[in-house]
Amino acid sequence: DEQNERMDRLAAVMQAAKRFVANRPNDRIGLVFFADRALTSCPLTYDHETVVQFLERTERQQRALWNRDGNQNEKGLLGSATNLGLGLGSALRGLTDTKSKGRAIILVTDGADSRELPSWVDPLEAARHARASGVSVYGIAVGNPTGTSSVRDPFGRMTTQRLPKHLQPDIARLEIIVAQANGKAFRANDRVGLNEVFARIDELEPTPRTVRKRVDYADQFAWLLALGTAFIGLALALEPRLRGVA
């Protein structure tokens, strides 16, 4: 049913995110979760074990909420809407170190931007601010591109129904948003698609590396240097006499 589909989607996103974290051992990584509101769950850190723990804890909390309120399966820990601009702005506040290379935000959403929220932040403005700050933004729209889900009716038969519009990611708008920050938008329909998208972003944002170059010099002309030094010493010793002869 729709609830199980969203729970499976959550598991797919979390697994893909953990795989991405494991593939970036030299990066600082942070987490921001958002819906109506936004929360910085984990600040930027090299401690990737902590990042994974926050991902797993958030997944457990969300599943517990859905299981408890089965008739409110749209409800999230931070609300049921999708405040893209607020989420993007919150992530951007953690990327203020302009000396850091390769700063980027991955914006994952399974819903459309909720402009009706009192706390709504324009994601286009947030993306333009990201570009001005030297931060790239990549977007991932998660969900069935047809906007449908499979639901079991009271007789046990599987039927297809269309999801509410706000539960369908708007890939066209997401593309416009990330284009403001020199990024790309991707659609991921399942676990395989999510892993492929994260792998693609991994290629687009290689980890900056500092290469230390060492040059070893071998003095091949030490005997000439010694001879030259000897000649200089001889000239200094003989110079008074030479001057007297002159």
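Everything that follows concerns the structure shown earlier in this document.
In this text, all values refer to a predicted model and were calculated from it rather than measured experimentally. (Residues numbered from 1 in each chain as written. Predicted model: local features only at pLDDT ≥ 70, side-chain atom pairs only at ≥ 80, totals over all residues. Heavy atoms only, no water.)

**Q** Before we move on, could you go through the packing of helix H4 (residues 123–132) against helix H5 (residues 171–179) and cite the residues and values that matter?
**A** Helices that pack against each other are described as a pair by the angle of their axes relative to one another and the distance between those axes. Here H4 crosses H5 at 30 degrees, and the two axes come no closer than 8 Å. By the angle between their axes, H4 is roughly parallel relative to H5. Within the contact between the two elements, H4 uses Pro-123, Leu-124 and Ala-127 and H5 uses Arg-173, Ile-176 and Ile-177. Residue composition of the contact of H4 with H5, grouped by class: five nonpolar, no polar and one charged. (Axes fitted to C-alpha atoms, helices over the stretch in contact; angles between N-to-C directions. Helix = DSSP H or I, 4+ residues; strand = E, 2+ residues; numbered from the N terminus. Parallel < 35°, antiparallel > 145°, perpendicular 65-115°, else oblique. Contact = heavy atoms within 4.5 Å. Nonpolar A, V, L, I, M, F, W, Y, C, P; charged D, E, K, R; others polar.)

**Q** Kindly report on the pairing of strand S3 (residues 104–109), identifying the contributing residues and their values.
**A** Along S3, the buried face is formed by Ile-105, Leu-107 and Thr-109; none of Ala-104, Ile-106 and Val-108, which line the opposite face, is buried. Across six bridges, the pairing between S3 and strand S4 (residues 136–142) is parallel. Across the sheet, Thr-109 pairs through a bridge with Ala-141, a residue of S4. For the crossover from S3 across H4 to S4, the handedness is right-handed. (Buried < 20%, exposed > 50% of the residue type's maximum accessible area, 1.4 Å probe, protein only. Pairing = 2+ DSSP bridges. Right-handed = clockwise from strand over helix to strand, strands pointing away.)

**Q** Can you explain the environment of Ala-172? Please cite residues and give values.
**A** Of note, Ala-172 is situated in helix H5. Sequence separation between Ala-172 and Ala-185 is 13 residues, and the spatial gap between their C-alpha atoms is 8.8 Å.

**Q** Would you mind going over helix H6 (residues 191–204) in detail, with residue names and values included?
**A** An ideal rise of 1.5 Å per residue puts 20 Å on 14 residues; H6 measures up with 20 Å between its terminal C-alpha atoms. Buried residues of H6: Gly-193, Leu-194, Val-197, Phe-198 and Ile-201, and no others. Taken down its axis, H6 places every buried residue within 130 degrees of arc, on the same side. Across H6 from its buried face, at more than 90 degrees, point the exposed residues Val-192, Glu-196 and Glu-203. (Expected span 1.5 Å × (residues − 1). Arc of directions from axis to C-beta.)

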